[in-house]
Amino acid sequence: MSLPHRLDSSRLVVLLAQWTQAQRAQASHDVAEQLGRWLSVVDAVELNGSLRSIETHAAQAPAPQEPALDPLALEELFQKTKTDLMRLATAPAKPARPVRERADNTPVEQPDPSVQADFAAHGPRYLELQRQMDTRLVALRAQVRAGLLKGSAALRQLAALDGVMEQMLGAREQRLWASLPGHLERRFVQLRKGHQARLQESGQADDPLRWRRAGGWLASFEQDLQALLLAEMQVRLQPIMGLLEAARNENRRTGFQE
């Protein structure tokens, strides 16, 4: 499944559409449709050559030796990585660290909560979570491919093709992921302005201590940050899920008993 199609059918596009108050079709045009021509003529020729090389190598390569393909082990590895990343994505934000205590143990002033009204206090966190996600999923994808290389000729060809596609599209995908913090920042500004407009309309004084409480604008932003990260993870997981599905189908065909 191509990345543009995966994007078009994912909750990532739906989420970005909701944030921009646009129709899903428009969001698809803005995000996914523009990616539909990622493969140029040169890329297509290179891919065709890679496919021929993979087919030739698969026909000449001897059958893999033991240990054989273990789809259950791959499934367990996938589920563990997914669970770890979901826990990471949904972990509450750590409170700002207080100023270091004085030597005489007198109370110190806590950090000003109004600092949280600047996206600079949140952007680096998303980037770090993205980095950790990328590290884990790149490793997982390579491990699943290595597992498929112990399977049938068809699975070995699929693993080789996936490696080619990851190398060919990787840099472009990274540019896409790098654009997501910009969407998050615009959502942050939108929520903050909405909060300020409601205060002005009601005549109430602002209270930064309430921002992170239920219903507060910063609490809503935290939910959106987690939702975006989970949606990004869903798209990143799909090629790995495709490899695992192929392994499951192959073993059902050969009568593997789970």
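Residues numbered from 1 in each chain as written. Predicted model: local features only at pLDDT ≥ 70, side-chain atom pairs only at ≥ 80, totals over all residues. Heavy atoms only, no water.

**Q** For this particular structure, what's the right way to read the overall build of the chain?
**A** If you tally the helices and strands in the chain, you get 8 helices and 0 strands. For the chain, the succession of helices and strands along the chain, N to C, is α-α-α-α-α-α-α-α. Within the chain, the fraction of its 258 residues that count as buried is 36%. Counted over contacts in the chain with a minimum sequence separation of 6, partners at least 24 positions apart contribute 80%. Carbon and sulfur atoms provide 54% of the accessible area of the chain, an area that totals close to 15700 Å². (Helix = DSSP H or I, 4+ residues; strand = E, 2+ residues; numbered from the N terminus. Buried < 20%, exposed > 50% of the residue type's maximum accessible area, 1.4 Å probe, protein only. Contact = heavy atoms within 4.5 Å. Areas by Shrake-Rupley, 256 points an atom, 1.4 Å probe, with all protein chains shown as cover.)

**Q** Could you clarify how one ought to interpret the side chain of H122 in this entry?
**A** Mapped onto the elements of the fold, H122 is located in the loop between α5 (71–90) and α6 (123–148). With residues up to four places along the chain from it excluded, the contact list for H122 reads Q116, F188, R212, L218 and F221.

**Q** What is the right way to look at the confidence of the model for the chain in this model?
**A** Low pLDDT marks regions whose predicted coordinates should not be analysed in detail. Averaged over every residue, the pLDDT of the chain is 79; residues scoring 70 or more account for 69%. Of all the helices and strands in the chain, helix α3 (residues 24–32) carries the lowest mean pLDDT, 41, while α6 carries the highest, 96. Contacts of residues 22–36 to residues separated by more than four positions or lying in other chains number 24 contacts, the stretch itself having pLDDT below 50. (pLDDT = per-residue confidence, 0-100.)

**Q** When you look at the nonpolar core in this model, what are you seeing that I'm missing?
**A** Soluble globular proteins: nonpolar side chains tend toward being buried together. By size, the foremost hydrophobic cluster in this structure holds 43 residues, and its most contacted members are L148, L184, F221 and L228. Examining the composition of this core, we find that 16 residues originate from one element, helix α8 (residues 217–253), more than from any other. In this view, L148 contacts L69, L74, L155, R156, L158, A159, L243 and A247; residues no more than four positions away in its chain are not counted. (Core = buried A, V, L, I, M, F, W, Y, C linked by side-chain atoms within 4.5 Å.)

**Q** Where do I start with the packing of aromatic side chains in this structure?
**A** How two aromatic rings sit relative to each other is given by the distance of their centres and the angle of their planes. Following the criterion strictly, the structure yields 5 aromatic pairs and no others. Aromatic side chains F119 and F221 sit 6.3 Å apart centroid to centroid with 80° between the ring planes, which places their arrangement in the edge-to-face category. Here the residue F119 occupies a position in the loop between α5 and α6, and F221 occupies one in helix α8, the gap between them amounting to 102 residues. Residue classification places F119 among the buried residues on the basis of a relative accessible area of 10%. (Phe/Tyr/Trp six-rings, centres within 6.5 Å; stacked < 30°, edge-to-face > 60°.)

**Q** Help me understand the packing of α5 against α6, please; the structure alone is not making it clear to me.
**A** Contact pair α5 / α6: the axes reach a minimum separation of 10 Å and the direction vectors enclose 175°. Our classification of the angle between α5 and α6 gives roughly antiparallel. Every residue of α6 that contacts α5 at L74, L77, F78, T81, D84, L85 and L88 is listed here: L129, Q132, M133, R136, L137, L140, Q143, V144, G147 and L148. For the contact of α5 with α6, the per-class residue count stands at 11 nonpolar, 4 polar and 2 charged. (Axes fitted to C-alpha atoms, helices over the stretch in contact; angles between N-to-C directions. Parallel < 35°, antiparallel > 145°, perpendicular 65-115°, else oblique. Nonpolar A, V, L, I, M, F, W, Y, C, P; charged D, E, K, R; others polar.)

**Q** Got a minute to help me understand the environment of S202 in this structure?
**A** With respect to the helices, strands and loops of the structure, S202 is situated in helix α7 (residues 153–202). In this structure the side chain of S202 is engaged in a polar contact, spanning 3.3 Å, whose partner is the backbone oxygen of L199. (Polar contact = N/O pair within 3.5 Å; in protein donor to acceptor, adjacent residues only side chain to side chain.)

**Q** Whenever I open this one, the pattern of salt bridges confuses me. Can you help?
**A** Once their charged atoms are close, side chains differing in charge can pair, the charge on each being opposite to the other. Applying the stated criterion across every chain, the model contains 14 salt bridges. The salt bridge involving D84 is made with R87; its shortest N-O contact spans 3.2 Å. Taken together, the residues D84 and R87, both in helix α5 and 3 residues apart, mark about one turn of the helix. By relative accessible area, R87 is classed as exposed at 52%. Put simply, R141 and E166 hold a salt bridge, and the shortest N to O gap is 4.0 Å. Linking R141 in helix α6 with E166 in helix α7, this pair joins segments that are 25 residues apart in sequence. Residue R141 is classed as buried on the basis of its relative accessible area of 11%. Salt bridges linked by common partners bring K80, D84, R87 and R136 together as one network. (Salt bridge = Lys/Arg side-chain N within 4 Å of Asp/Glu carboxyl O.)

**Q** How should I be thinking about α6 in this particular structure?
**A** Given 3.6 residues per turn, any residue in an α-helix points the same way as the ones three and four places further on. Along its 26 residues, α6 runs 37 Å from first to last C-alpha, staying within 8% of the 38 Å computed at 1.5 Å per residue. Residues of α6 that are buried: G123, Y126, L129, Q130, M133, L137, L140, R141, V144, R145, G147 and L148. In this fold, the buried residues of α6 make contact with α5, α7 and α8. (Expected span 1.5 Å × (residues − 1).)

**Q** What is the right way to look at α5 in this model?
**A** Between its terminal C-alpha atoms α5 stretches 28 Å, which fits the 28 Å expected from 20 residues at 1.5 Å a residue. If you check which residues of α5 are buried, you get P71, L74, E75, F78, T81, L85 and A89. For α5, the buried positions fall inside an angular range of 135° around the axis, keeping them on one side. Away from the buried face of α5 by more than 90 degrees, exposed residues E76, K80 and R87 are located. (Arc of directions from axis to C-beta.)

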